[in-house]
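These are the residues of each chain, in order.
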Amino acid sequence: MNVINAIKYYVTKMTEESGPGMKVLLMDKQTTSIISLVFSQSEILMKEVYLFDRIDAAVRNEGLKHLKCIVFVRPTEENIRLLSDELRYPKYGVYYIYFSNIIPKTDIKLLAENDEQEVVREVHEFYADYLAINSHLFSFGISTCSKGLNWEKPYFERTVQGIIAVLLSLKKCPLIRFQNNSDMCKHLAEKIRYVLNQESNSFKFRQESQPILLILDRRDDPVTPLLNQWTYQAMVHELLTINNNRVDLSNVKGITKELKEVVLSAQHDEFYANNLYLNFGEIGQVIKSLMDEFQKKAKKHQKVESIADMKAFVETYPLFKKMSGTVAKHVTVVGELSTLVANYNLLEVSELEQELSCQSEHSTQLQKIKKLINDSRVRDIDATRLVMLYALHYAKQTSNDIAGLYSMLKKRNVPEKYTKLVYSILDYSGVSTKQINLFDREAVAKITKKLFKGLNGVDNIYTQHTPLLTEIIEDLIKGKLNSQSFPYLGNTVITRKPQDIIVFMIGGTTYEESLAIYNLNKQNPGTKIILGGTTVHNFDSFCEEIEATVVGTIARYKPRSVRDRSDFDHN
Amino acid sequence: MAHVEVMEGFICPICMTDFKTPTLLTKHFEEFHKDDPEILKSLKDLFGKAKKKILKQDGMLDYPNEISSNNQKTKQEIDWGPQEIGEMRSHTKYFKDIRNTRLERYSMETNKLIIRLDKLLNNLPNDLVERKAHERAIVPWVDDKDVRLCPTCAKSFNLTRRKHHCRLCGVMMCHDCSMFLSLVEARKMTSPASVQDDLALSPITESTRFTDRLVQAGIGLSKLARSPSSSSLNSVLLLISDSSNNEQHFRVCQYCKNLLDARERLKARHFEKPVVYQFYDKMHTQIQEANHFIEIYYKMWNSLNEGESTYNLRDAQMVRGKIAKIGDNIDIISKRIATLVNIDDDSAVSLKQEYRLNQMVRTTAMIYLKNELLRTPPVPTTEEYEAIKKERQERIKARIAYERQLEEEQMEKQKESQREYQKVYDHSPKSPTSTSNQVVLDQSQGWGTSGRPGGNIMISSTSMDPFIEQMSNLRFYIKQAREECKFDEVAALEKNLKELQSAYFAMKQSDNS
């Protein structure tokens, strides 16, 4: 059930099947990301792949006839066309073609007809068609999957293909459960079952137990992506944005050239692998000890007096160099994070976010929000997210002051693209249509938990919130998940506790949820759970998702502040 | 193991009694066979070895193993154990089926064109009118009246847009849509790839030799059903030399031209093999060799650092030297590859790509050297090795002491059963000589003299005691194995030799008594 391994095995198989010799890898945009996420360049080089080429490159090179070309592309119409051209005028010696998903026979026929020079040796489907971020986390890199509260067609197709690829690469033929109150979930679930039936020959696996594919909708829990995060991976993504394991640091003052873009990959960076789920305080500690160790070593290396010293230095040099790279990278990243935390008063913001998400104390919370909106250190987006959380929490309460907060944001000159989110999120989540109140339910659970935590003295006010997902999966593991809210597709109902669970979140998942799934895996050794999403969100990307989703729908919530004079002034 | 048919257990070689544990056996020896310190010593050595194995198998559960606990770093990623590769589906067969049926049709058409081309070239007249007649005789032309528009560009023919015919298939087209195949090219197409150079040397070729060569040049012939005769070549040569000829090419249609071009490209592909290939192959074999030696070396290094005496220090040193030498070779070859192509800003794109490729190969070689070769740990020095050995002996001693304690506790319980065992074994006496002989013969299986005359010398000295002979044989094998770097076998053989020696001592002793 390890998605990283699944991709790795496929790629390794590709490079081995073509035998020894110099190779070039021909990819499209998406497959490039898929491979670069799990393999570092040096690893690929060791597999005799020396050149990388894009099939959709505007200007294609002349090519080298003595190279073996491994083609790894998605089976899209455009790729088939490009590949047909490539085969008609081959730039390389022989071709080994791998499609990342199920390809229609007609396309194979088209390619075969274009291979007049008999350069193709193999044609296969290898289902490495998703971004494997952690061993239990995958994504399809679709930043906004819906429009007007429904699927956008191309992204729907991509999602179906992606999930099918996950299932095939892990050799799982699941029972499907979905969130009943979401049309998107139902639509996706039915389509996947359709494909499973159609391709039933491929899905004949020996399975010890029937895996569960659970399809959820982000709209059911819009709170989680709004919160600031404090574990390393999630925090980096929230504040600096991780894109295909890469973090852009070019905005950091006085950054050296080689640190402008750093790669954070648990596969190749041991420090990162060991610490990605630690919280910010712990990371600080670890970084300090890493620095100490490094300094100790660096010092030891400085006094190279005897021949023995020199020898020792040379022998440990590669290690030393590697370590110095790691140290510099993580010190920079953590340093940048702590600067941002201090500059933007994130601690206070985050504390209030957590309170808003877990407790109901309307008047005090309102006061605190007002105070922070007036705090010049607080960023516009942080002020906005507080108001958004408030709106979500108290929308049903008649005495709420959403309009007041909205006009405060306006006064603060928060850009329109953020202020309108206050109402968009209400439309997005459909608070009024929901039977159960997200916050009420959590509040009850939280009070008991808090009491418990308080007794143990391990309470961390910045990590009070647990995502709704945790609750759902806990129920699912126990076999207690409500079959009304999360029905099985078809008539099958299994009461046995599931062993393999694949959760998919339409509308994007978050690193907080990834951590929750990670913890659930650790707590339940007999159960394997992996999590996927159309993308992995941080606040910024989630805002875009909200905007795209509510586009074209009739807004139930509108700024009532039209009557507000100041608002007229702004417009 | 070869011991199966022999007695198994801790057996005293003198009185053939089975003692359940090494400690007991040593004790027994100390009590009853004090007079043979030699045997006692060799026995103890043997036990030492056996113990090593036992200790390894047990995983040293009784001792806190610091090394393994140090290695267990807290990796945060979840480990779900082994996983098999995901589902795969192959379309290769379907693809090839479709391609083949299609290509068969193409190759048939191409063949037809080549044959026609050959006929056209054969006795091609110089005179334009005669030539036209010749061409029409071989390929019938489409009737002028049947075609109103050019089939390619769909424009009507008139005075300025004249009608032309493809000389290969006879189809009609306008001038703009015509392609031209020069006679030189045409001649090249109808003759195998290598012919051209030879012709320069001997313009008049004998037809017999020519057809021979055609048979050899597989590709040229595979699609050429009929070999060109010498006369056709002569006519071509005549044409080429006669530069006054006004039409040095055939007019052909796009379709025919494409077919012929595709065939030419295919032919070119088979003969193209750049220099970098050879270098790369060489480098690749070197890397494989290096991997082989590194594997051996690590095995030796681990064993040495455990304080075992399976391998010896000098051998390890030698392997390390060898690895370093191969590393040098890889370095040199990859440097050579990196400098094969030089570029500047104006270089062609393909050249730049080639340059990039070569640089990447070099980079990879560097990474390989850095990661694999330079990281091989050094062989311990003699002093270090001694220290390791001593430490190990201490460990073993501690273990023995511990075991003895355990045994004494269990002794009472086991006594009964032990006696029964003893009885059984007492009834099956076997001479120690046969035992060790058997061992040697069995274990040396699969190791022969690899065609060296030296092997026979040993056999000739039959007058020697079979034991001594066997031992000297073994020594020879060891030497040979060492030369061929088969260090596992050296270890196995050396073990045999030692066993043989101890058995020999035992025999001597029993002879004397």
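Keep in mind the model is a prediction, meaning the values are calculated, not measured.

Considering the overall build of chain B
Reasoning step 1: Tallying secondary structure elements over chain B gives 19 helices and seven strands in all.
Reasoning step 2: Taken across its 513 residues, chain B has 39% of its residues classed as buried.
Reasoning step 3: Put simply, 69% of the contacts in chain B that link residues at least 6 apart link residues at least 24 apart.
Reasoning step 4: By element, 54% of the accessible surface of chain B is carried by carbon and sulfur atoms, the whole surface being about 30100 Å².

Focus on the overall build of chain A
Reasoning step 1: The number of helices and strands found in chain A is 22 helices and 18 strands.
Reasoning step 2: Classification of the 571 residues of chain A by burial places 58% in the buried group.
Reasoning step 3: At a minimum sequence separation of 6, the contacts of chain A that also span at least 24 residues come to 81%.
Reasoning step 4: Roughly 24400 Å² of accessible area belongs to chain A as shown, and the carbon and sulfur atoms make up 51% of that amount.

Focus on the pairing of strand β15 (residues 500-506) of chain A
All names here are of chain A.
Reasoning step 1: Summarising burial for β15: seven of the seven residues are buried, a large majority.
Reasoning step 2: The two faces of β15 match: Asp-500, Ile-502, Phe-504 and Ile-506 on one face and Ile-501, Val-503 and Met-505 on the other face are all buried.
Reasoning step 3: As judged from the six bridges shared by strand β11 (residues 212-217) and β15, these two strands associate in the parallel manner. Bridge pairing links Leu-214 to Val-503 in β15.

Regarding the interface of chain B and chain A
Reasoning step 1: Tallying the contact residues gives 47 residues for chain B and 76 residues for chain A.
Reasoning step 2: Taking both sides of the interface into account, the surface hidden between chain B and chain A amounts to around 6200 Å²; carbon and sulfur atoms contribute 59%.
Reasoning step 3: Inspection of the region where chain B meets chain A yields five salt bridges.
Reasoning step 4: Across the salt bridge formed by Glu84(B) and Lys171(A), the nearest N and O atoms sit 3.5 Å from each other.
Reasoning step 5: At the boundary of chain B with chain A, the tally comes to 21 residue pairs in polar contact (both at pLDDT 80 or more).
Reasoning step 6: The set of elements that each furnish at least two residues to the side of chain B that touches chain A consists of β3 (88-90), α4 (92-121), α11 (254-271), α12 (275-305) and α14 (349-373) of chain B.
Reasoning step 7: No other element matches α14(B), which puts 11 residues into the side of chain B that touches chain A.
Reasoning step 8: Tallied by class, residues from the side of chain B that touches chain A come to 21 nonpolar, 11 polar and 15 charged.

Focus on the side chain of His136(A)
Reasoning step 1: Relative to the helices and strands, His136(A) is located in the loop between β6 (131-134) and β7 (137-139).
Reasoning step 2: Once residues lying within four places of it in the same chain are set aside, the contact partners of His136(A) are Val3(A), Tyr277(A), Ser514(A), Ile517(A), Tyr518(A), Asn521(A), Ile529(A), Ile530(A), Leu531(A), Ile78(B) and Trp80(B).

Considerations on the environment of Lys153(A)
All names here are of chain A.
Reasoning step 1: Inspection of the secondary structure puts Lys-153 in helix α6 (residues 153-170).
Reasoning step 2: Here Lys-153 falls in the exposed class, since its relative accessible area comes to 59%.
Reasoning step 3: The sequence separation of Lys-153 and Thr-332 amounts to 179 residues, and the corresponding C-alpha distance is 41 Å.

Let's talk about helix α14 (residues 380-394) of chain A
Helical geometry: 3.6 residues make up each α-helical turn, so side chains three or four residues apart lie on a common side.
Reasoning step 1: An ideal rise of 1.5 Å per residue puts 21 Å on 15 residues; α14(A) measures up with 21 Å between its terminal C-alpha atoms.
Reasoning step 2: Across the 15 residues of α14(A), 14 count as buried, placing the element largely inside the fold.

Some words on the domain arrangement of chain A
All names here are of chain A.
Reasoning step 1: Each domain of chain A was delimited in the assignment, giving domain 1 (3-127), domain 2 (133-221 + 467-568), domain 3 (232-343) and domain 4 (346-433).
Reasoning step 2: Placing the centre of domain 2 and that of domain 4 at their C-alpha centroids yields a distance of 27 Å.
Reasoning step 3: Residue-level contacts link 20 residues of domain 2 with 19 residues of domain 4.
Reasoning step 4: Here domain 2 is connected to domain 4 by one salt bridge.
Reasoning step 5: At the junction of domain 2 and domain 4, the tally comes to two residue pairs in polar contact (both at pLDDT 80 or more).
Reasoning step 6: The element that contributes the greatest number of residues to the side of domain 2 that touches domain 4 is helix α21 (residues 539-550), accounting for nine residues.
Reasoning step 7: Of the residues contributing to the side of domain 2 that touches domain 4, the split by class is eight nonpolar, two polar and 10 charged.

Here we look at the sheet that holds β7(A)
Residues and elements named next belong to chain A.
Reasoning step 1: The sheet built from six strands is open, its strands ordered β6-β7-β17-β15-β11-β10 with mixed pairing. Looking at the sheet topology across the chains shown, the edges are occupied by β6 and β10 (175-178). Recorded for the sheet is a direction-independent mean angle of 25 degrees between the axes of neighbouring strands.
Reasoning step 2: Where α6 meets the sheet, it contacts β7, β11, β15 and β17 (528-533), and its direction lies at approximately 165 degrees from that of β15.

Re helix α4 (residues 77-88) of chain A
Reasoning step 1: For α4(A), built from 12 residues, the straight-helix expectation of 16 Å at 1.5 Å per residue is met to within 8% by its first-to-last C-alpha distance of 17 Å.
Reasoning step 2: Taken as a whole, α4(A) has its buried residues at Asn79(A), Ile80(A), Leu82(A), Leu83(A), Ser84(A), Glu86(A) and Leu87(A).

Looking at the environment of Ser143(A)
Reasoning step 1: For Ser143(A), the location among the structural elements is in the loop between β7 and β8 (146-147).
Reasoning step 2: For the pair formed by Ser143(A) and Gly508(A), sequence separation is 365 residues and the distance between their alpha carbons is 7.8 Å.

A short note on the nonpolar core
Reasoning step 1: Among the nonpolar cores identified, the biggest contains 124 residues, and Tyr130(A), Leu188(A), Ile192(A), Ile215(A) and Ile473(A) are the most heavily contacted of them.
Reasoning step 2: Broken down by element, this core gets its largest block of residues, nine residues, from α6(A).
Reasoning step 3: Those residues in contact with Ile215(A) that sit more than four places away from it in its chain are Ile176(A), Arg177(A), Phe178(A), Gln179(A), Cys185(A), Leu188(A), Ala189(A), Ile192(A), Phe504(A) and Ile506(A).
Reasoning step 4: Among the nonpolar cores identified, the runner-up in size contains 77 residues, and Leu83(A), Val119(A), Val123(A) and Met360(B) belong to it.

A look at unusual backbone geometry
All names here are of chain A.
Reasoning step 1: The backbone of Asn-244 sits at a positive phi, close to 50 degrees, despite the residue not being glycine.
Reasoning step 2: Mapped onto the fold, Asn-244 is located in the loop between β12 (242-243) and β13 (246-248).
Reasoning step 3: The exposure class assigned to Asn-244 is partly exposed, which follows from its relative accessible area of 25%.
Reasoning step 4: Phi angles above zero are rare outside glycine, and Asn-345 is one such case at about 55 degrees.
Reasoning step 5: Position of Asn-345 among the secondary structure elements: in the loop between α11 (307-343) and α12 (346-358).

Side note on the sheet that holds strand β3 (residues 68-73) of chain A
Reasoning step 1: The six strands are arranged β2(A)-β1(A)-β3(A)-β4(A)-β5(A)-β3(B) in an open sheet whose pairing can be described as mixed. In the strand order of this sheet, the two ends are held by β2 (49-54) of chain A together with β3 of chain B, each with one partner. Within this sheet the neighbouring strands show an average axis-to-axis angle of 20 degrees, counted without direction.
Reasoning step 2: Relative to strand β5 (residues 120-126) of chain A, strand β4 (residues 94-99) of chain A is paired through five bridges, and the arrangement is parallel. Of the residues in β5(A), the one forming a bridge with Tyr95(A) is Val120(A).
Reasoning step 3: In this fold α4(A) packs onto β1 (23-27), β3, β4 and β5 of chain A, with an angle of close to 170 degrees to the strand it touches most, β4(A).

Conventions adopted
Residues numbered from 1 in each chain as written. Chains lettered and ligands numbered in written order. Predicted model: local features only at pLDDT ≥ 70, side-chain atom pairs only at ≥ 80, totals over all residues. Heavy atoms only, no water. Helix = DSSP H or I, 4+ residues; strand = E, 2+ residues; numbered from the N terminus. Buried < 20%, exposed > 50% of the residue type's maximum accessible area, 1.4 Å probe, protein only. Contact = heavy atoms within 4.5 Å. Areas by Shrake-Rupley, 256 points an atom, 1.4 Å probe, with all protein chains shown as cover. Pairing = 2+ DSSP bridges. Buried area = accessible area lost by both parts, 1.4 Å probe. Salt bridge = Lys/Arg side-chain N within 4 Å of Asp/Glu carboxyl O. Polar contact = N/O pair within 3.5 Å; in protein donor to acceptor, adjacent residues only side chain to side chain. Nonpolar A, V, L, I, M, F, W, Y, C, P; charged D, E, K, R; others polar. Expected span 1.5 Å × (residues − 1). Domains from an automatic or database assignment. Axes fitted to C-alpha atoms, helices over the stretch in contact; angles between N-to-C directions. Core = buried A, V, L, I, M, F, W, Y, C linked by side-chain atoms within 4.5 Å.

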